[in-house]
Amino acid sequence: MIKSVKEAVCKRLSLLVFILIVMQPLLDVLSFFLGEMGSNALSTLLRFGLLAVVALLGFIVSGKKRLYIVFYAAAGVFWVLHMANCFRIGYQSMVQDAANFLRIVSFLVFTLSLITFFRQGRQVRRAILLGFGVNFGLFWLFTLLPWVLGMPQYTYDKLFVGMMGWFSIPNAQSTILVLTAPFAIYWAYHTRKYPLFLIMCLLCFSMMFVTGTKLTFYSIFIIAGAYAFLFALQQGKSCLRYSLPLLGMMVLVFVFRHQSPMDLREQMSAYSRDLYNQKVEQSLQKNGGDKEALEEAQKKAQSSTKDKEKDKDKKKQPVAERTMEQIHKGLFYVYTDSETYGDFFKDMNERFGVYRVMDAYRYSTSSGVLSDFRVMKSLFSQMVWEEKDFATRLLGYEYSEVVVGGTIYDLENDFPAIYYFFGYIGSALYMLVFFYIAFAIIRAFLLDVAWGLKAAPFPREGDRKAKCLWGAKGFWQGFRQFLTVEMGAAGMSFLLAIIAAQISGYVLRRPNVTIYFAVSAAYLFHLCVDMRRESLSALRKAVLAKISRNTP
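Computed from a prediction, not measured in an experiment: that's the story for all the values here. (Residues numbered from 1 in each chain as written. Predicted model: local features only at pLDDT ≥ 70, side-chain atom pairs only at ≥ 80, totals over all residues. Heavy atoms only, no water.)

## With respect to the overall build of the protein chain
Argument step 1. Broken down by element type, the protein chain carries 23 helices and four strands.
Argument step 2. Contacts in the protein chain between residues at least 24 apart in sequence constitute 73% of all its contacts with a sequence separation of at least 6.
Argument step 3. Just so you have it, the protein chain exposes about 27900 Å², and 63% of that area is on carbon and sulfur atoms. (Helix = DSSP H or I, 4+ residues; strand = E, 2+ residues; numbered from the N terminus. Contact = heavy atoms within 4.5 Å. Areas by Shrake-Rupley, 256 points an atom, 1.4 Å probe, with all protein chains shown as cover.)

Spelled out as structure tokens, the structure:
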């Protein structure tokens, strides 16, 4: 029974993977309209249901079910320990915490299952590439439709800047565009239809330009530049046909950078920061101080603290206390007055106290720092972490710790968030996946270099220069064999996902984004491990044969 089900699923695996990829934009649009109606709980349940289906299919078709059992058992044991510790210190909401746990673990589940799909299914790579190509067409469709219908959606809706379609979270959608573009361009290139390649490049880069986030804007240069290099590496002198359009698009984006939505938003942000800087200076002057005097007091406080730590001289403590009093008095209304940042810091001041918030911000008066909600979330999570005992730091704290009065202060940077929510143990286990993928990439590269050296004729008799040339030629052949256009596409998407997870967020903890990251990770793993099993086995046999010949 199980065997027949496995065979039936394997026959249709490429179609199932294609449907999995193409349905992602449709689910995003559904989530958008449900959110407009008041609640997108249904779309969230659908995504968790999809995660369960993918996990089940991966287990059914896998030839290594023991690996799945070990993985899910480890995840279950960690979750039980995490819950037990949360009950020990007082659980606020197990439901919210469980949902957060599933969101974080979904990347591992998707990646493991997709690796299995690559191994067991035929034409899965082709289905994924086609799916990414179709998705970019859907992105444009669902972006243009609301504008055509007279209901424009903006990336920054309060500023009326950037084009955004029926997608709920602009940061998440911008990350999806960046992760999809390398595969979509490679799919068009792989079809060997030059007009399709040009159209796809234009569609990808124009959408990334009009979206208006820093991530999408600067990724244009990364993706186009990387592809131009890959074409030059693999095609040599004939690369101009593909590289020149990419370079031309990069030049156009650079020339019109000041007309881009991204630059317009930066100008508005700079203007807003200048206004708040003026308000901060007015507040300092109003309360008996100015910015220069405060900065001088800050320096004295820091130097006094260093001296106190060095020699523990009690006579210097009153100086530090008087300096801190001066700082607190000068900054109090900056951090509490509604005309400056009082409303912005209201929850943090109530949760941690005004003076502790000042200390976390290092007594900053810079509007660029004080106005940054991302910085606030980071400091909020850090301050919660500092309150916890050693057991909680081992296993992480619950999600409700970053929710105050209905406002969510969850970190947007994924890796620090995993560290705080999973603790030392959980985050270390989680990062093992990335370390193993990195190991697989390095091993594949060294394997190709070894084959390049093996293919190059070794100068048995010759000078040192001839041997150096042999090594350089073998390395170059191995490098070209490793860094194919397909490998470059998967590598680009994977590296951009890691960068986005750290600087932008919404990659490892948003199911609609996580699946794209998982596809790039599984695709890269497949190229580096599964596609090189025969090469690795042959190289081992060659090395063993050489050793046996040289053994007396």
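That shown, we press on.
## Observations regarding unusual backbone geometry
Argument step 1. Non-glycine residue Q123 carries a positive phi angle of around 60°.
Argument step 2. Here the phi dihedral of R362 falls at roughly 55°; this positive angle occurs in a residue that is not glycine.
Argument step 3. Structurally, R362 is set in the loop between helix 15 (354-360) and helix 16 (367-370).

## Side note on the packing of aromatic side chains
Argument step 1. All told, the structure shown has 66 aromatic pairs when counted by the stated rule.
Argument step 2. Judged by centre distance (6.4 Å) and plane angle (50°), the rings of F390 and Y424 are tilted. Of this pair, F390 sits in helix 18 (residues 390-395) while Y424 sits in helix 19 (residues 414-455), and the two are 34 residues apart along the sequence.
Argument step 3. Its relative accessible area of 57% is what places F390 among the exposed residues.
Argument step 4. Site record: aromatic cluster; members linked through ring pairs are F78, W79, F101, F107, F415, F422, Y430, F434, F494 and F517.
Argument step 5. Taking the ring centre of Y399 as reference, the NZ or CZ of R103 above it sits at 5.6 Å.
Argument step 6. Taking the ring centre of Y189 as reference, the NZ or CZ of R192 above it sits at 4.6 Å. (Phe/Tyr/Trp six-rings, centres within 6.5 Å; stacked < 30°, edge-to-face > 60°. Buried < 20%, exposed > 50% of the residue type's maximum accessible area, 1.4 Å probe, protein only. Lys NZ or Arg CZ within 6 Å of the ring centre and 35° of its normal.)

## A look at the packing of helix 2 (residues 13-37) against helix 3 (residues 41-61)
Argument step 1. Helix 3 packs onto helix 2 with a crossing angle of 165° between their chain directions and a minimal axis gap of 9 Å. With respect to their mutual orientation, helix 2 and helix 3 come out roughly antiparallel. Crossing geometry of helix 2 relative to helix 3 is assigned as left-handed. Contact with helix 2, carried on its side by L16, L20, M23, Q24, L27, D28, L30, S31 and L34, involves L42, S43, L46, R47, L50, V54 and L57 of helix 3 and no other residues of that element.
Argument step 2. For the contact of helix 2 with helix 3, a count of residues per class yields eleven nonpolar, three polar and two charged. (Axes fitted to C-alpha atoms, helices over the stretch in contact; angles between N-to-C directions. Parallel < 35°, antiparallel > 145°, perpendicular 65-115°, else oblique. Left-handed = near helix turned anticlockwise from the far one by under 90°. Nonpolar A, V, L, I, M, F, W, Y, C, P; charged D, E, K, R; others polar.)

## Some thoughts on empty space enclosed by the protein
Argument step 1. For the structure shown, the criterion picks out two cavities of 30 Å³ or more.
Argument step 2. Counting residues per element, the ones that place at least two in the lining of the largest cavity are helix 3, helix 5 (94-120) and helix 22 (511-528).
Argument step 3. Sort the elements by how many residues they give to the lining of the largest cavity and helix 3 lands first, with four residues.
Argument step 4. Partitioned by chemical class, the residues of the lining of the largest cavity number six nonpolar, two polar and one charged.
Argument step 5. By volume, the second largest cavity amounts to about 50 Å³.
Argument step 6. If you go around the second largest cavity, the residues you meet are F139, T143, M163, M164, G165, F167, Q173, L177, M207, V210 and T211.
Argument step 7. When residues of the lining of the second largest cavity are traced back to their parent elements, those giving at least two are helix 6 (124-148), helix 7 (170-190) and helix 8 (194-211).
Argument step 8. Residue contributions to the lining of the second largest cavity peak at three residues, all from helix 8. (1 Å grid on protein atoms, 1.4 Å probe; cavity = no way out; pocket = protein on both sides within 12 Å on 5 of 7 lines; lining within 4 Å. Points joined across faces, edges and corners; volume = space filled by probe spheres on them.)

## Section: the environment of T216
Argument step 1. With respect to the element layout, T216 can be found in helix 9 (residues 214-235).
Argument step 2. Those residues in contact with T216 that lie beyond four places of it in its chain are S174, V178, M208 and T211.
Argument step 3. In terms of polar contacts, T216 uses its side chain to reach the backbone carbonyl oxygen of M208, at 3.1 Å. (Polar contact = N/O pair within 3.5 Å; in protein donor to acceptor, adjacent residues only side chain to side chain.)

## Examining the layout of surface pockets
Argument step 1. Here the largest pocket defines a volume of roughly 1700 Å³.
Argument step 2. Elements represented by at least two residues in the lining of the largest pocket include exactly strand 1 (154-156), helix 7, helix 9, helix 11 (261-286), helix 16, helix 17 (373-387) and helix 21 (485-503).
Argument step 3. Considering each element in turn, the lining of the largest pocket owes the most residues, eight residues, to helix 11.
Argument step 4. Taken as a whole, the second largest pocket spans an internal volume of roughly 1200 Å³.
Argument step 5. Residue lining of the second largest pocket: 40 residues in total, with N40, S168, I169, Y506 and R510 positioned closest to the centre.
Argument step 6. In terms of residues, the lining of the second largest pocket owes the most to one element, helix 2, which gives five residues.

## What to know about the side chain of S243
Argument step 1. Structurally, the position occupied by S243 is in helix 10 (residues 240-255).
Argument step 2. Relative accessible area serves as the criterion here: at 4%, S243 is assigned to the buried category.

## Observations concerning the nonpolar core
Argument step 1. F136, F197, F205, Y227 and Y335 are the most contacted members of the largest nonpolar core, which has 156 residues in total.
Argument step 2. Not counting residues within four places of it along the chain, the set of residues in contact with F136 comprises L177, T180, A181, A184, M200, L203, C204 and M207. (Core = buried A, V, L, I, M, F, W, Y, C linked by side-chain atoms within 4.5 Å.)

## A closer look at the environment of F160
Argument step 1. With respect to the helices and strands, the residue F160 is situated in the loop between strand 1 and strand 2 (161-163).
Argument step 2. Sequence separation between F160 and P261 is 101 residues; the distance between their C-alpha atoms is 9.6 Å.

## Observations regarding the packing of helix 8 against helix 9
Argument step 1. Taken N-terminus to C-terminus, the directions of helix 8 and helix 9 make an angle of 155°; their axes are 7 Å apart at the nearest point. One element, helix 8, and the other, helix 9, form an angle in the roughly antiparallel class. Here F197, F205, M208, F209 and T211 of helix 8 come into contact with helix 9, specifically with T216, F217, S219, I220, I223, A224 and F231.
Argument step 2. Among the residues forming the contact of helix 8 with helix 9, the class breakdown is nine nonpolar, three polar and no charged.

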